[in-house]
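An overview of the molecular structure
Okay, here's what each chain looks like letter by letter:
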Amino acid sequence: MHPRQSETRSQRSSNDSKQGGARVRPAFSLRDIIQRIAGLGFIDAIALWAILSLVGDGQVAVAIAVGVVTLFINYIFLNDRLYPIRWLTPGLILMLLMVVYPLIFTVYIALTNYSDGHLLTKEQVVTQLRERTYLPQDAVAYKWTAYRNPAGQFRVILQDEQGNRFLVREGGGELEPYAGTSDLPANLDNFQRIERLNALQYLGQLGRIAITDGDNTVRISSLDSAPQTRRVYSFDPSTDRLTDNQTGVVYTPIRGTFTAPDGKTLSPGFSTVVGFENYTRVLTDPNIRTPFFGVFAWTIIFAFMSVMLTFVVGLGLAIVLNDKDLPLRPLFRSLMIIPYTIPFVISTLIWTGLLNPAYGQFNTMLNDLIGFSPPWFSDGTWAKAGILFVNTWLGFPYMMLLCLGALQAIPTDMYEAANIDGASPWTQFRSLTLPLLLVSIAPLLIGSFAFNFNNFGLIELFNRGGPPIAGVATPAGQTDILISYTYRLAFSGGQGADYGLASAISLFIFLIVAGMTAFNFRFTGQLEEVM
């Protein structure tokens with residue numbers, strides 16, 4: 001090797017050692033910097049527009065979150081030391097948008113009374129209530145004449161019973177005395193008088209003109225009259241109370257509803273934080289608590305039995321189809337995965353029809369064979385059995401494919417050694433096949449349990465959780481699982497949607513599924529250590 005080449009390599013090695021083995025950051029050209037700044041400018045412009053829109057809608061917390069995320073993105077892309085993190089930024093943003101934000105929002109909604117009748121903000125409710133009017137006994141009904149210019153603007157002349165006239169300009173406002181001629185003019189400047197026959201087509205636009213007359217408001221309500229009206233409620237921001245101007249009753253905001261001393265409430269209410277009230281309702285309200293624990297117990301049984309039945313059937317078929325001496329083995333394998341290829345919704349609806357007690361072919365066959373047609377939809381026990389049967393038919397191909405792949409991964413020399421030792425087929429299955437099988441599919445079994453724990457589609461399509469549980473005030477069925485019961489409780493209770501209560505129960509479900517996920521990781525790690 002040439003001495004100079006050796007010297008050059010040694011210098012490079014020395015430079016690398018001085019850098020401590022750290023990877024040199026790539027140098028960016030002027031073009032890269034310009035593209036980076038242009039991209040950040042585009043992102044910042046969209047973020048600024050979103051922040052202004054959110055602030056205008058009163059969503060200050062969300063606007064602050066958008067601003068923080070935008071600053072985080074700018075900091076990452078303007079700091080060369082954070083170059084590796086740039087590749088993770090899209091995933092982090094998606095995680096914030098799709099996972100973190102929905103979770104935080106659900107926690108917040110669970111602490112509020114957000115539901116039908118409590119969807120608006122307090123300011124919106126006060127505005128709506130203050131817009132309500134009534135007709136006082138001493139109200140004056142004005143006669144009116146309208147004028148319109150080519151630009152579509154209006155002017156109105158009002159006349160009371162004493163013959164006094166007042167001018168109203170576009171947009172409304174206070175009444176202006178009009179001292180004109182005794183006869184109404186045909187034109188006011190460039191405004192042309194609207195004849196009575198043509199006024200009907202402009203009645204809707206004229207009715208939106210708010211005219212202030214002292215404490216009263218005048219609105220054009222018909223072709224003949226513009227009566228005085230008065231606001232039903234007045235709001236005092238200093239005391240945060242509404243007063244009924246007709247009766248003098250004072251309404252105080254209590255848990256999102258303006259309430260009178262005698263308990264009378266005004267509708268609509270507004271959304272407000274109520275603390276842990278939704279959680280305590282689940283545990284203390286007998287209409288919710290009584291069926292809740294029964295539904296929860298059935299949910300555990302349903303998820304566990306679904307996994308066990310599909311696993312047993314799938315493993316049995318996998319053992320049979322794994323036998324090399326089985327004739328037409330490829331054909332049987334193809335036939336066994338047919339249920340897996342049919343869409344879930346179609347399969348469930350088909351089985352719903354087959355099990356129909358009146359015209360279902362499956363029920364007809366059972367009646368011909370054993371002389372009995374099970375009441376799959378009217379009896380709670382048979383309904384649960386039917387759902388487990390249908391879910392087993394839907395899920396066994398998946399388990400069969402998993403077990404078939406796992407069986408083929410087990411070395412055959414283990415079975416040869418077991419045969420030499422004189423182990424029976426059952427002993428080989430119990431001590432060799434099943435433990436090795438669980439190493440690979442145990443996490444999938446736990447995942448299947450979590451899926452069936454929230455298998456809303458099957459329950460809803462099969463019988464909508466029926467038959468109903470007798471003696472409870474809430475819409476709960478004997479085959480409802482926790483997620484379907486939550487849906488019915490929150491959205492089908494006959495009192496409108498209750499998003500706060502639904503969010504509270506959703507968090508119960510989240511904690512349960514999170515616990516199962518943690519158990520999954522722990523159990524999988526233990527299996528790996530054992531094996």
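Everything discussed here concerns the structure shown above.
Right, let's walk through the structure included here.

Criteria and thresholds
Residues numbered from 1 in each chain as written. Predicted model: local features only at pLDDT ≥ 70, side-chain atom pairs only at ≥ 80, totals over all residues. Heavy atoms only, no water. Helix = DSSP H or I, 4+ residues; strand = E, 2+ residues; numbered from the N terminus. Rg over C-alpha atoms; globule rule 2.2 N^0.38 Å. Areas by Shrake-Rupley, 256 points an atom, 1.4 Å probe, with all protein chains shown as cover. Lys, Arg positive; Asp, Glu negative; His and termini not counted. Charge placed at Lys NZ, Arg CZ, Asp CG, Glu CD. Phe/Tyr/Trp six-rings, centres within 6.5 Å; stacked < 30°, edge-to-face > 60°. Buried < 20%, exposed > 50% of the residue type's maximum accessible area, 1.4 Å probe, protein only. Core = buried A, V, L, I, M, F, W, Y, C linked by side-chain atoms within 4.5 Å. Contact = heavy atoms within 4.5 Å. 1 Å grid on protein atoms, 1.4 Å probe; cavity = no way out; pocket = protein on both sides within 12 Å on 5 of 7 lines; lining within 4 Å. Points joined across faces, edges and corners; volume = space filled by probe spheres on them. Nonpolar A, V, L, I, M, F, W, Y, C, P; charged D, E, K, R; others polar. Salt bridge = Lys/Arg side-chain N within 4 Å of Asp/Glu carboxyl O. Axes fitted to C-alpha atoms, helices over the stretch in contact; angles between N-to-C directions. Parallel < 35°, antiparallel > 145°, perpendicular 65-115°, else oblique. Left-handed = near helix turned anticlockwise from the far one by under 90°. Pairing = 2+ DSSP bridges.

A separate point is the overall build of the protein. Along its length, the protein carries 18 helices and 15 strands. Computed over C-alpha atoms, the radius of gyration of the protein comes to 37 Å, more than 25% over the 24 Å expected from 2.2 N^0.38 for 531 residues, which places it beyond the range of a compact globule. With respect to the three principal axes, the spread of C-alpha positions in the protein is 125 × 100 × 45 Å. As displayed, the protein offers around 31600 Å² of accessible surface, 61% of which is attributable to carbon and sulfur atoms. Looking at charge distribution, the protein has the averaged site of its 37 positive side-chain charges lying 8 Å from that of its 39 negative ones.

Where two aromatic rings form a pair, the distance of their centres and the angle of their planes describe that pair. As enumerated under the stated definition, the model contains 22 aromatic pairs in all. Aromatic pair F292 and F293: ring centres 5.5 Å apart, planes at 85°, arrangement edge-to-face. Since its relative accessible area comes to 7%, F292 is described here as buried. Overall, the relative accessible area of 44% leaves F293 in the partly exposed class.

Here we come to the nonpolar core. Formed by 32 residues in total, the largest nonpolar core has its most connected members in F311, C403, L437, I441, F453 and Y485. When contributions to this core are tallied by element, the ones reaching two or more residues are α8 (286-321), α13 (380-409), α15 (425-453), α17 (482-491) and α18 (499-530). For this core, the leading source of residues is α8, giving nine residues. Residues in contact with L437, not counting those within four places in the same chain, are F311, L315, C403, A406 and L407. In this structure, L158, I194, I209 and V218 belong to the second largest nonpolar core, which totals 19 residues.

Attention shifts here to unusual backbone geometry. In the segment running from S267 into P268, the intervening peptide bond is cis, with an omega of 5°. With respect to the secondary-structure elements, P268 resides in the loop between β15 (257-259) and α7 (277-284). Note the cis peptide between G466 and P467, where omega equals -5°. Summarising the element assignment, P467 is placed in the loop between α16 (456-462) and α17. Of note in this structure, D240 is not a glycine but carries a positive phi near 60°. Within the element layout of this structure, D240 appears in the loop between β12 (233-236) and β13 (241-244). Owing to a relative accessible area of 24%, D240 belongs among the partly exposed residues under this scheme.

In this structure, the largest pocket occupies an estimated 600 Å³ of space. Lining the largest pocket are 21 residues; nearest its centre among them are G58, Q59, F105, Y108 and S271. With five residues, the single largest contributor to the lining of the largest pocket is helix α4 (residues 89-110). Here the lining of the largest pocket is built from residues that sort into 13 nonpolar, six polar and two charged.

Here we take up the pattern of salt bridges. The full count for this structure, using the stated rule, is eight salt bridges. With its nearest N and O atoms 3.3 Å apart, the salt bridge here joins D189 to R155. Pair noted here: D189 is in the loop between β7 (187-188) and β8 (191-193) and R155 is in strand β3 (residues 154-159), with a separation of 34 residues, a long-range link. Overall, the relative accessible area of 67% leaves D189 in the exposed class. With its nearest N and O atoms 3.9 Å apart, the salt bridge here joins R464 to E460. Using a relative accessible area of 61% as the deciding quantity, one classes R464 as exposed. Shared partners join several salt bridges into a network, and the residues in it are E460, R464, D480 and R488.

Once that is clear, we can look at the packing of helix α14 (residues 412-420) against α15. One way to put it is that α14 packs onto α15 with a least axis distance of 11 Å and a crossing angle of 165°. The orientation of α14 with respect to α15, classified from their angle, is roughly antiparallel. Once α14 is placed against α15, the crossing between them reads as right-handed. Facing M414, Y415, A418 and N419 of α14, the residues of α15 in contact are Q428, L432, T433 and L436. Classifying every residue of the contact of α14 with α15 by side-chain character gives five nonpolar, three polar and no charged.

It is worth spelling out the sheet that holds β15 at this point. The sheet built from four strands is open, its strands ordered β12-β13-β14-β15 with antiparallel pairing. Each having just a single partner strand, β12 and β15 make up the two edges of the open sheet. Between one strand axis and the next, the sheet turns by 35° as a mean value, whatever way the strands run. Inspection of the sheet shows strand β14 (residues 250-254) paired to β15 by three bridges, in the antiparallel sense. Note that in β15 the partner of I254 across the bridge is T257.

With two bridges joining them, strand β1 (residues 133-134) and strand β11 (residues 226-231) adopt antiparallel strand pairing. Residue T133 lies in a different strand from β11, and its bridge partner there is R231. Bridge count for strand β2 (residues 141-148) against β11 is two bridges, and the pairing is antiparallel. Paired with Y142 across the bridge in β11 is A226. Examined bridge by bridge, strand β10 (residues 216-218) and β11 share two bridges and lie antiparallel to one another. What sits directly across from T217, in β11, is T229.

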